[in-house]
Amino acid sequence: MTTPHDLENRIHEFLAAHDPLAMEEREFLRNRFDAGLAWLHYPPGLGGQSLPRDLQPVAEKVFADAGAPDNDPRRIGIGLGMAAPTILAFGTDEQKKRWLRPLWCGEEVWCQLFSEPGAGSDLAALATRAVRDGDEWIVNGQKVWTSMAHEARWAILVTRTDPDVPKHQGLTYFVLDMTAPGVEVRPLRQITGEAEFNEVFLTDVRIPDDQRLGAVGDGWRVAQTTLMNERVAIGGGTAPRESGMIGVLAETWRNRPEIREPALHDRLMTLWVAAEAARLTAMRLSAQLAAGQPGPEGSAAKYAFATLNQQLSGLELELLGEEGLRYDDWTMRRPDTVDFVGRSPGYRYLRAKGNSIEGGTSEILLNIIAERVLGLPGEIRTDKDVAWKDLAR
């Protein structure tokens with residue numbers, strides 16, 4: 001069994017042979033991946049050594065202390081948190097070798113083509129069609145709310161391949177080349193003033209069958225793997241105490257005694273306790289992941305993250321009063337990351353509104369928690385056995 005001390009020694013040996021201060025950044029990351037020191041819980045040959053997940057923070061600290069570059073995880077978060085685990089679970093050996101290394105090294109950005117204008121919260125109702133043509137599929141449809149589509153090289157895509165069966169059964173999952181003919185990306189300007197999201201139009205786009213993940217018609221099962229990992233990526237993970245929004249709010253309170261009031265102090269302490277409980281729960285969830293695949297508990301972590309971010313950003317504006325209404329920059333731009341900590345209170349307040357929509361709406365997450373965690377009776381669904389083409393739209 002590999003101990004943290006064993007891992008540290010292995011990394012120091014690697015660093016002795018690969019000086020991060022003397023090597024080109026991308027080349028260093030490629031060598032780290034090939035040495036199995038990227039994501040440690042992945043199999044040998046795919047960036048890991050089949051080690052427990054809880055050793056990953058140990059590795060990251062040793063590399064950081066040595067001044068080694070990271071792979072800019074905020075920029076490639078969709079690839080790391082959603083595409084990679086899905087490829088690992090359902091990809092062929094060739095697909096894993098083709099996509100996982102450049103994904104982890106940050107050479108290729110990924111985006112997620114799931115949501116549609118007419119099927120937001122009900123993913124299984126999506127209408128984007130894929131029709132087989134020999135060894136290729138011809139895809140037509142529209143996707144929306146796609147983060148990083150303007151920079152992405154690849155996309156994970158769910159399509160409808162059989163409209164004659166119930167909606168959950170006729171889906172197929174693909175990897176899409178975002179540079180393929182027929183792919184059009186248009187910016188969606190948000191309440192923050194930026195176009196962080198996009199809408200993507202697919203017109204007679206051809207996808208080779210060897211870019212399909214999972215079996216034809218099994219796209220719903222593949223997509224569930226993506227979604228469960230997405231919710232863990234958003235709401236889970238390990239973080240130090242007072243990180244994120246609660247840290248920003250606590251620092252404001254400590255540094256600005258003139259804005260303190262007893263009633264606001266009570267609200268702050270209530271949210272501080274809730275944030276700490278959510279942080280510890282997320283750490284426990286991360287520990288559970290070491291033993292297997294993520295489950296529905298990730299939905300609770302993501303729900304807590306969204307709710308707390310909105311409450312904390314709202315309280316921050318109340319603390320600051322008129323000062324909090326100032327906005328740093330309304331320039332229309334297409335950012336590659338979301339920065340809650342480094343931006344203005346006004347930005348944090350507006351951007352947090354999207355937390356209860358992205359990665360699964362809070363309403364859908366509450367249903368998942370009720371049914372799959374608490375075991376409560378499910379909602380009555382009249383469309384489960386009806387062919388998709390016969391559903392009212």
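Described below are features of the structure shown in this document. Not measured: the values here are computed from a predicted model.

1. Considering the overall build of the chain
Helices and strands together make up the secondary structure of the chain, namely 11 helices and eight strands. By the compact-globule yardstick of 21 Å for 393 residues, the chain fits well, its C-alpha radius of gyration being 22 Å. Seen through its principal axes, the chain has C-alpha atoms that stretch 70 × 55 × 45 Å. Considering the chain as a whole, with its 393 residues, one finds that 50% of them fall into the buried category. Here the analysis covers contacts within the chain between residues at least 6 apart in sequence; of these, 71% occur between residues at least 24 apart. With an accessible surface of roughly 18600 Å², the chain has 53% of that area assigned to carbon and sulfur atoms. For the chain, the centre of its 44 positive side-chain charges and the centre of its 57 negative side-chain charges are spaced 2 Å apart.

2. Points about the pairing of strand 3 (residues 136–143)
Within a regular strand, the side chains alternate between the two sheet faces. For strand 2 (residues 129–133) and strand 3, the ladder comprises five bridges, and the chain directions are antiparallel. Residue pairing for strand 3: Asp133 is matched across the bridge by Glu136. Linking two consecutive strands that pair antiparallel, namely strand 2 and strand 3, is a turn of two residues; a positive phi of about 70° is found at Gly134 within it. Relative to strand 7 (residues 197–208), strand 3 runs antiparallel, the two sharing seven bridges. Pairing of Val139 across the sheet is with Val205, part of strand 7.

3. Digging into the pairing of strand 4 (residues 154–160)
Among the seven residues of strand 4, seven are classified as buried, and the element is accordingly described as predominantly covered. Judged from the four bridges that link them, strand 1 (residues 110–113) and strand 4 form a sheet pairing that is parallel. By the bridge assignment, Trp110 is partnered in strand 4 with Trp154. With seven bridges joining them, strand 4 and strand 5 (residues 171–177) adopt antiparallel strand pairing. Within the sheet, the bridge partner assigned to Ile156 lies in strand 5 and is Val175.

4. Considerations on a negative patch on the surface
Among the surface-exposed residues, Glu24, Glu25, Asp70 and Asp72 lie close enough to one another that they form a single negatively charged patch. Positionally, Glu25 belongs in helix 2 (residues 25–34).

5. Some points on the pattern of salt bridges
Within this structure, the stated rule accounts for 32 salt bridges. In this structure, Arg267 and Glu318 form a salt bridge, with 2.9 Å as the shortest nitrogen-oxygen distance. Here Glu318 lies in helix 9 (residues 297–320) and Arg267 lies in helix 8 (residues 262–289), a separation of 51 residues in the sequence. Taking relative accessible area as the criterion, Arg267 reaches 36% and is therefore assigned partly exposed. Judged by its relative accessible area of 45%, Glu318 falls in the partly exposed class.

6. Thoughts on helix 3 (residues 56–65)
Along helix 3, the residues classified as buried are Gln56, Ala59, Val62 and Phe63. All buried residues of helix 3 lie within an arc of 130° about the axis, which places them on one face of the element. Helix 3 presents Lys61, Ala64 and Asp65 as exposed residues on the side facing more than 90 degrees away from its buried surface. Packed against the buried residues of helix 3 are helix 1 (4–17) and helix 2. One or two steps after helix 3, the chain reaches Gly67, where phi turns positive at roughly 75°.

7. Observations concerning the nonpolar core
Formed by 68 residues in total, the largest nonpolar core has its most connected members in Trp39, Trp110, Leu176 and Met178. When residues of this core are assigned to their parent elements, the largest contribution, seven residues, is made by helix 4 (residues 77–90). Not counting residues within four places of it along the chain, the set of residues in contact with Met178 comprises Cys111, Leu113, Ala149, Ala152, Arg153, Trp154, Ala155, Val183, Val185 and Val200. Counting residues in hydrophobic clusters, the runner-up holds 14 residues, among them Ile246, Leu308, Leu312 and Leu320.

8. Side note on the packing of helix 2 against helix 5 (residues 93–104)
It is at 9 Å that the axes of helix 2 and helix 5 come closest, and there the two elements cross at 130°. By the angle class used here, helix 2 and helix 5 are oblique. Here the hand of the crossing between helix 2 and helix 5 comes out right-handed. Contact residues: Leu29, Arg30, Arg32, Phe33 and Asp34 in helix 2; Leu100, Arg101 and Trp104 in helix 5.

9. What to know about the environment of Thr146
Note on placement: Thr146 falls in the loop between strand 3 and strand 4. Of the residues examined, Thr146 reaches a relative accessible area of 0% and is grouped as buried. Distance in space between the C-alpha atoms of Thr146 and Glu196 is 8.4 Å, their sequence separation being 50 residues. With near-sequence residues (within four places) excluded, Thr146 lies in contact with Cys111, Gln112, Leu113, Glu196, Phe197, Asn198 and Val200.

10. Let's talk about the packing of aromatic side chains
Taken as a whole and judged by the stated rule, the model has 12 aromatic pairs. Arranged with centres 4.2 Å apart and planes meeting at 25°, the rings of Trp39 and Tyr42 form a pair that is stacked. Both residues of the pair, Trp39 and Tyr42, count as buried. An aromatic cluster is built from Phe14, Phe28 and Phe63, whose rings are joined through pairwise contacts. Just above the ring of Phe201 sits the side chain of Arg186; from NZ or CZ to the centre is 4.0 Å. Seen from the ring of Tyr347, Arg343 lies directly overhead, with NZ or CZ sitting 3.9 Å from the centre.

Reading the values: rules and limits
Going along each chain's sequence as written, the residues are numbered from 1 onward. Given that the model is predicted, a residue must reach a pLDDT of at least 70 before its local features are reported, and side-chain atom pairs must reach 80 or more before they are shown or counted; all residues, however, enter totals for whole chains, interfaces and linings. Side-chain measures here rest on the full set of heavy atoms in the structure, leaving out hydrogens and waters. Helix numbers and strand numbers start at the N terminus; a helix is a DSSP run of H or I with at least 4 residues, a strand a run of E with at least 2. The globule rule is 2.2 Å times the number of residues to the power 0.38, and the radius of gyration it is compared with is taken over C-alpha atoms. Classification of residues uses two cut-offs on accessible area relative to the type maximum, computed with a 1.4 Å probe and protein chains only: under 20% is buried, over 50% is exposed, and between them is partly exposed. Any pair of residues with heavy atoms lying within 4.5 Å of one another is described as a contacting pair. Where accessible areas are quoted, they stem from the Shrake-Rupley method and a 1.4 Å probe; at the residue level, only the protein chains shown are allowed to cover. Only four residue types enter the tally: Lys and Arg on the positive side, Asp and Glu on the negative side, with His and both chain ends excluded. Where a charge lies is defined by one atom per residue type: Lys uses NZ, Arg uses CZ, Asp uses CG and Glu uses CD. Pairing between two strands requires that DSSP report at least two bridges joining them. Exposure above 30% relative accessible area and the lack of any salt bridge qualify a residue for a patch; like charges then connect within 9 Å, and the nonpolar side chains Val, Leu, Ile, Met, Phe, Trp and Tyr within 5 Å. Should a side-chain nitrogen of Lys or Arg be within 4 Å of a carboxyl oxygen of Asp or Glu, the pair is scored as a salt bridge. Within this analysis, the arc is defined by the directions that extend from the helix axis to the C-beta atoms. By nonpolar core is meant a set of buried Ala, Val, Leu, Ile, Met, Phe, Trp, Tyr and Cys residues that side-chain atoms within 4.5 Å join together. Only the contacting stretch of a helix is used when fitting its axis, a line to C-alpha atoms as for every element, and angles between N-to-C directions run 0 to 180 degrees. When an angle is under 35 degrees it counts as roughly parallel; over 145 it counts as roughly antiparallel; between 65 and 115 it counts as roughly perpendicular; any other value is oblique. Should the near helix be turned anticlockwise from the far one by less than a right angle, the crossing is left-handed, and should it be turned clockwise, the crossing is right-handed. Pairing of aromatic side chains requires ring centres within 6.5 Å, counting the rings of Phe and Tyr and the six-membered ring of Trp. Pairs whose planes differ by under 30 degrees are stacked, by over 60 edge-to-face, and all others tilted. A ring is scored as having a charge over it whenever the NZ atom of a lysine or the CZ atom of an arginine sits within 6 Å of its centre and within 35 degrees of its normal.

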